[in-house]
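Summary of structural features
Below are the chains, spelled out letter by letter.
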Amino acid sequence: MLRSVRRLSYRLQRCQAQDDPDAVPLMLTFDKDDEDTLDFVAATANLRSLIFGIETRSKFDIKQMAGNIIPAIATTNAMTAGLCVLQAFKVLREDLSKAKMVFLERSGARVINSDTLKPPNPNCSVCGVMQSRLIVDPARATLNDLVEDVLKNQLGYGDEFSINNEVGTLYDPDLDDNLGSKFSELGVKADSFLTIIDDDDEDPRVNLSLSISEKTIPENANPVHLPTKLKIARKPKASPVPLTNGNTNGHANTNGLSTKRKRDREESEDIIQQDPKRSKAEIHHPNPVATANGSNNMIIADDGNGDGAIVIDDD
């Protein structure tokens, strides 16, 4: 680090001594093929990695990574980050009515465009999840306190819901063995998450994700409570499939066959009428074939001799 800084300092001093003092001050620029600047960047990157506990890299690895950095992408990222910070100021001031979605595009007349904030989509796996914080007293809080006091009494949940964490399911209507257990016994601690899934068939709520915060709560207060009142959105109901009674857009649904083809197929099936006394079956075919004597009927006679042979008499 020190050697690279010293070499770069000498280079900058020599360049300044040779140039016009009234000109714009010179600046050293990075080039992955420049040994001095590469040593400086590698040393600085590894020092920063040591500070934050990140694995250090060799100078060759850093040269490869630095060579893949495209200035245009870095500039776009810097612009986007700056726009995010400007909108974050409005969030911190709780002035959400003036906050906007800002994005970059190349096809429009303007490079930077904005749009109003959209409400959460209940069908979205990210924004469709309700987020909140749950304050618990680790010495007294039990899972039953969450189920009865918070979910059922405060939020109005019914009986059909489940509570899950990263380990698995802690509670559902068929698994109530953990109701008397404390949060600490179930592995629920500070900065962990609980997910409540409403399984109601009629009008279920969106999933509720609770971040656990531990705090000592007075004995006369509930050991589990929400810091703010929540209004949990409902999942949108799926549109019912219209009953067409076998017809679609006024046409009969015959699994790809037209009505005429279906009728022809039905008519082509043989209708067998058997007389049990005579042991003869007379087949009436919709498209009769004339026999030698001009008859349109074909007689099949079963001799009943038990050998399984069937004699067809066509005269």
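Relevant structure appears above.
Below you will find a few notes about this structure. (Residues numbered from 1 in each chain as written. Predicted model: local features only at pLDDT ≥ 70, side-chain atom pairs only at ≥ 80, totals over all residues. Heavy atoms only, no water.)

Our next topic: the overall build of the protein chain. On a plain count of helices and strands, the protein chain comes out with six helices and 14 strands. For the protein chain, the residues scored as buried account for 21% of the 315 residues in total. Counting every atom, the protein chain has about 23200 Å² of accessible surface; 53% of that belongs to carbon and sulfur. (Helix = DSSP H or I, 4+ residues; strand = E, 2+ residues; numbered from the N terminus. Buried < 20%, exposed > 50% of the residue type's maximum accessible area, 1.4 Å probe, protein only. Areas by Shrake-Rupley, 256 points an atom, 1.4 Å probe, with all protein chains shown as cover.)

With that out of the way, let us pick up the environment of D200. On the secondary structure map, D200 appears in the loop between β6 (193–198) and β7 (208–214). The class for D200 is partly exposed, based on a relative accessible area of 33%. Residues D200 and D159, spaced 41 residues apart in sequence, show a C-alpha to C-alpha distance of 8.1 Å. One polar contact links the side chain of D200 to the main-chain amide nitrogen of E202, over a distance of 3.1 Å. (Polar contact = N/O pair within 3.5 Å; in protein donor to acceptor, adjacent residues only side chain to side chain.)

In this section: the sheet that holds β6. Read across the sheet, six strands follow the order β5-β4-β6-β7-β3-β8 without closing on themselves; strand pairing throughout is mixed. A single partner strand is all that each edge strand has here, and the edge strands are β5 (169–171) and β8 (224–225). Bridging between strand β4 (residues 161–164) and β5 involves two bridges; their strand directions are antiparallel. Residue pairing for β5: N164 is matched across the bridge by T169. (Pairing = 2+ DSSP bridges.)

A separate point is the pairing of β6. Residues L194, I196 and D198 of β6 are buried on one face, while the alternating residues F193, T195 and I197, pointing to the opposite face, are not. As paired elements, β6 and β7 share four bridges and run antiparallel to each other. Paired with L194 across the strands is L210, a residue of β7.

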